[in-house]
Amino acid sequence: MTATIGIVGSGAVGRALAAHIAASGQDVLLCNSRGRETLEPLVEELGPRVTALETSAVAAADLVVFAIPWPAVVPLLEELPPWHGRILVDATAPASHFRMPSRYELGGLTSSEVVQASAAGARVVKTFCTLPAAVLALPPATEAGRRVMFLSGDDQDARVVVGALVDEIGYAAIDLGSLATGSLLQQPGGSLAGRELWTSAEVVAE
Ligand SMILES: NC(=O)c1ccc[n+]([C@@H]2O[C@H](COP(=O)([O-])OP(=O)(O)OC[C@H]3O[C@@H](n4cnc5c(N)ncnc54)[C@H](OP(=O)(O)O)[C@@H]3O)[C@@H](O)[C@H]2O)c1
């Protein structure tokens, strides 16, 4: 269990993840771009494990999920203090509608490598980004088995921590390895983008 968990962004992706994390019995901090008071109805709906704070406070958590539109990512990272080894979970996507991303616009990097390069001292892990938000909002565990959630990152220990969180909230984590390889597979245009996969029910029962 991770010490403190923050989610930056409380839209379709952020609120779905907040609900799953809270349902797993863990506290979660949440913010948006408009201030904590605007989140009061959502916090009320999500229950006592969810607390709304300002972005700077949420981004100071031990593990911080970024669930904000791509154009806001690098500008926000430039405002935030160094990460000192804390984990940044990148759930963002550099394009919409699962079209091919412009790798040329990203300097030939995957989007999560851009995030890593912009977040001094962070250990970036990419996950929660291959399923449409409407699917992400559904229960992670189904009668067919647990939904598969891919993850990738350059720090193995951080991948283990995030993999444990992914499992705790009910998904089946599959580690794809490095950001370069794993993010290319997960980001829009990658062969895993939009793929809804399950473990078998037998595996869940073990
Ligand atoms: N939707 C999907 O199906 C899907 C699937 C996979 C990945 N993604 C990716 O996940 C990310 C989030 O998508 P979404 O659909 O959840 O977007 P969304 O519904 O538009 O929500 C975005 C959230 O980010 C907040 N935000 C924007 N800039 C911020 C800042 N500087 N500081 C704090 N909060 C900020 C917004 O605040 P306000 O509420 O105040 O505007 C809003 O709560 C995107 O990168 C998207 O490409 C989306």
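Residues numbered from 1 in each chain as written. Predicted model: local features only at pLDDT ≥ 70, side-chain atom pairs only at ≥ 80, totals over all residues. Heavy atoms only, no water.

*Asks:* Would you take a moment to explain the state of the cysteines for this structure?
*Replies:* When the sulfur atoms of two cysteines share a covalent bond, that bond is a disulfide. On inspection of all chains with the given rule, the structure shows 0 disulfides. Of the cysteine sulfurs around Cys 31, a residue in no disulfide, the closest is that of Cys 129, at 19 Å. The exposure class assigned to Cys 31 is buried, which follows from its relative accessible area of 0%. Residue class for Cys 129 comes out buried when judged on its relative accessible area of 9%. (Disulfide = S-S within 2.5 Å. Buried < 20%, exposed > 50% of the residue type's maximum accessible area, 1.4 Å probe, protein only.)

*Asks:* Where do I start with the pairing of strand E10 (residues 172-175) in this structure?
*Replies:* Along any regular strand, the residues point their side chains to alternate faces of the sheet. Here strand E9 (residues 148-153) runs beside E10; their pairing, made up of 4 bridges, is parallel. Paired with Met 149 across the strands is Ala 173, a residue of E10. For the handedness criterion, the β-α-β arrangement of E9, helix H7 (residues 156-168) and E10 is classed as right-handed. (Pairing = 2+ DSSP bridges. Helix = DSSP H or I, 4+ residues; strand = E, 2+ residues; numbered from the N terminus. Right-handed = clockwise from strand over helix to strand, strands pointing away.)

*Asks:* What is the right way to read helix H4 (residues 70-79) from this model?
*Replies:* Every buried residue of H4 is accounted for by Trp 70, Val 73, Leu 76 and Leu 77. Along H4, the residues classed as buried sweep out an arc of 105 degrees about the axis, all on the same side. Exposed and oriented more than 90 degrees from the buried face of H4 are Pro 71, Glu 78 and Glu 79. Packed against the buried residues of H4 are strand E1 (5-8), helix H3 (55-58), strand E4 (63-66), strand E5 (87-90) and helix H5 (111-118). (Arc of directions from axis to C-beta. Contact = heavy atoms within 4.5 Å.)

*Asks:* Looking at this structure, I do not really get the nonpolar core. What am I missing?
*Replies:* Generally speaking, nonpolar side chains in soluble globular proteins are found buried as a group. Ile 7, Leu 63, Phe 128 and Tyr 171 are the most contacted members of the largest nonpolar core, which totals 34 residues. Counting residues per element, this core draws most heavily on helix H1 (residues 12-23), at 5 residues. Residues contacting Phe 128, with those up to four places away along its chain left out, are Leu 17, Val 89, Ala 91, Leu 136, Met 149, Phe 150, Val 166, Ile 169 and Tyr 171. Core analysis: the next-biggest nonpolar cluster, separate from the first, contains 22 residues, Phe 66, Leu 77, Leu 88 and Val 114 among them. (Core = buried A, V, L, I, M, F, W, Y, C linked by side-chain atoms within 4.5 Å.)

*Asks:* Mind showing me how you'd approach H5 here?
*Replies:* Residues that lie three or four places apart on an α-helix share one face, since the helix turns once every 3.6 residues. Among the residues making up H5, those that are buried are Ser 111, Ser 112, Glu 113, Val 114 and Val 115. Taken together, the buried residues of H5 touch H4, E5, strand E6 (123-127) and helix H8 (179-186).

*Asks:* Just checking my understanding: could you explain the side chain of Gln 26 for this structure?
*Replies:* Tracing the chain through its elements places Gln 26 in the loop between H1 and strand E2 (28-31). Polar side-chain contacts of Gln 26 include one of 3.0 Å to the side chain of Glu 168. (Polar contact = N/O pair within 3.5 Å; in protein donor to acceptor, adjacent residues only side chain to side chain.)

*Asks:* Teacher, can you tell me more about the pairing of E1 here?
*Replies:* Burial along E1 is two-sided: the face carrying Ile 5 and Ile 7 and the face carrying Gly 6 and Val 8 are both buried. Across 4 bridges, the pairing between E1 and E4 is parallel. Looking across to E4, one finds that Ile 5 is bridged to Leu 63. As a crossover connection, the stretch from E1 through H1 into E2 is right-handed.

*Asks:* I'm lost on the site of the ligand in this one. Help?
*Replies:* Neighbouring the ligand are 22 residues; Val 13, Ser 33, Arg 34, Ile 68 and Ala 133 lie closest to it. Here an oxygen atom of the ligand sits 3.0 Å away from a polar atom, N or O, in the main chain of Ser 10. Ala 133 places a polar main-chain atom, nitrogen or oxygen, 2.8 Å from an oxygen atom of the ligand. Taking 900 Å² as the accessible area of the ligand by itself, protein coverage stands at 73%. One can see that the ligand is located within the largest pocket. Elements represented by at least two residues in the shell around the ligand include exactly H1 and H4. (Near = heavy atom within 4 Å. Areas by Shrake-Rupley, 256 points an atom, 1.4 Å probe, with all protein chains shown as cover. 1 Å grid on protein atoms, 1.4 Å probe; cavity = no way out; pocket = protein on both sides within 12 Å on 5 of 7 lines; lining within 4 Å. Sits in = over half its atoms within 2 Å of the grid points.)

*Asks:* Sorry if this is basic, but what is going on with unusual backbone geometry here?
*Replies:* For residues other than glycine, phi is negative in most cases, and the peptide bonds are mostly trans. Located in the positive-phi region is His 84, a residue other than glycine, with phi close to 50 degrees. On the basis of relative accessibility, which here comes to 71%, the residue His 84 falls in the exposed class. We note that Phe 128 has phi near 60 degrees; this positive angle belongs to a residue other than glycine. Positionally, Phe 128 belongs in the loop between E6 and helix H6 (133-136). Under the relative-accessibility criterion, Phe 128 is labelled buried at 1%.

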